[in-house]
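Chains, contacts and geometry: an overview
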Amino acid sequence: MDFQNHRKKFSNTEALIHEAVMEIETTTHFDWLAVMMYYSCLHLVHSHCANRKTPYHPQNHTQVLNEARRVKKGRVVQAEMLVLYNASMDARYEDKFLGKQDLEELKKSYDTIKAILAS
């Protein structure tokens, strides 16, 4: 997938995150909001990989997390991606409750990555 397609996927997920049903204050879909935040940022990292002189497509989440270190402000992006990844894994595979306070913290990670990579 090329840069533009990853950016489009980011934009689509970003729009869904801001739908009324997903507002942190009112949503009951805590798990899916955490998953969407991670995947939205995943597409930002992928878009940067696809836009290199020699495009690269990470094949798994470990590679994405490693590649996050290679983008601008990579240490910050990688650390915030790891927060979102772990929450996404918990939301999908564990019986852990994510609540409003958890989502507010995840949103900070999401916004940090978005501010760095979506510009």
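Residues numbered from 1 in each chain as written. Predicted model: local features only at pLDDT ≥ 70, side-chain atom pairs only at ≥ 80, totals over all residues. Heavy atoms only, no water.

**Notes on the environment of Asn66**
Operational definition: A helix here means a DSSP run of H or I that spans at least four residues, while a strand means a run of E at least two residues long, and both kinds are numbered starting from the N terminus. Under the scheme applied here, a residue whose accessible area is under 20% of the maximum for its type counts as buried, over 50% as exposed, and between as partly exposed, the area being computed with a 1.4 Å probe on protein chains only.
Structurally, Asn66 is set in helix H3 (residues 61-68). The class for Asn66 is partly exposed, based on a relative accessible area of 45%. C-alpha of Asn66 to C-alpha of Glu105: the two residues are 39 residues apart in sequence and 22 Å apart in space.

**As for the side chain of Ser109**
Note the cut-off: Within 3.5 Å is the distance limit for a polar contact, defined as a pair of N or O atoms, with the added protein rule that one can donate a hydrogen and the other accept it, and that residues adjacent in sequence qualify only through two side-chain atoms. Note on contacts: a residue pair qualifies if any of its non-hydrogen atoms lie within 4.5 Å across the two residues.
Following the sequence through the fold, Ser109 ends up in helix H5 (residues 100-117). A relative accessible area of 4% places Ser109 in the buried class. Polar contacts involving the side chain of Ser109 include one to the side chain of Glu80, which spans 2.5 Å. Look past the residues within four positions of Ser109 in its chain and what remains in contact with it is Glu80, Val83 and Leu84.

**Structural notes on the packing of aromatic side chains**
Test applied: In this scheme Phe, Tyr and Trp rings, the latter by its six-membered ring, pair at centre separations within 6.5 Å, and the angle between planes marks the pair as stacked below 30 degrees, edge-to-face above 60, and tilted otherwise.
On inspection of all chains with the given rule, the structure shows two aromatic pairs. With a centroid separation of 5.2 Å and an interplanar angle of 75°, the aromatic rings of Tyr38 and Tyr39 are classed as edge-to-face. Given the relative accessible area of 0%, Tyr38 is considered buried. Among the residues examined, Tyr39 registers a relative accessible area of 27% and is labelled partly exposed. Ring pairs connect the aromatic residues Tyr38, Tyr39 and Tyr85, which therefore count as one cluster.

**Notes on the nonpolar core**
Applicable threshold: To qualify as a nonpolar core, a set must consist of buried Ala, Val, Leu, Ile, Met, Phe, Trp, Tyr and Cys residues joined through side-chain atoms within 4.5 Å.
Counting 33 residues, the largest nonpolar core has Val77 and Met81 as its most contacted members. Going through the elements one at a time, helix H1 (3-17), helix H2 (30-50), H3, helix H4 (74-93) and H5 are the ones with two or more residues in this core. When sequence neighbours within four positions are dropped, the list of residues in contact with Met81 reads Tyr38, Cys41, Leu42, Val45, Val64, Leu65, Ala68 and Ile113.

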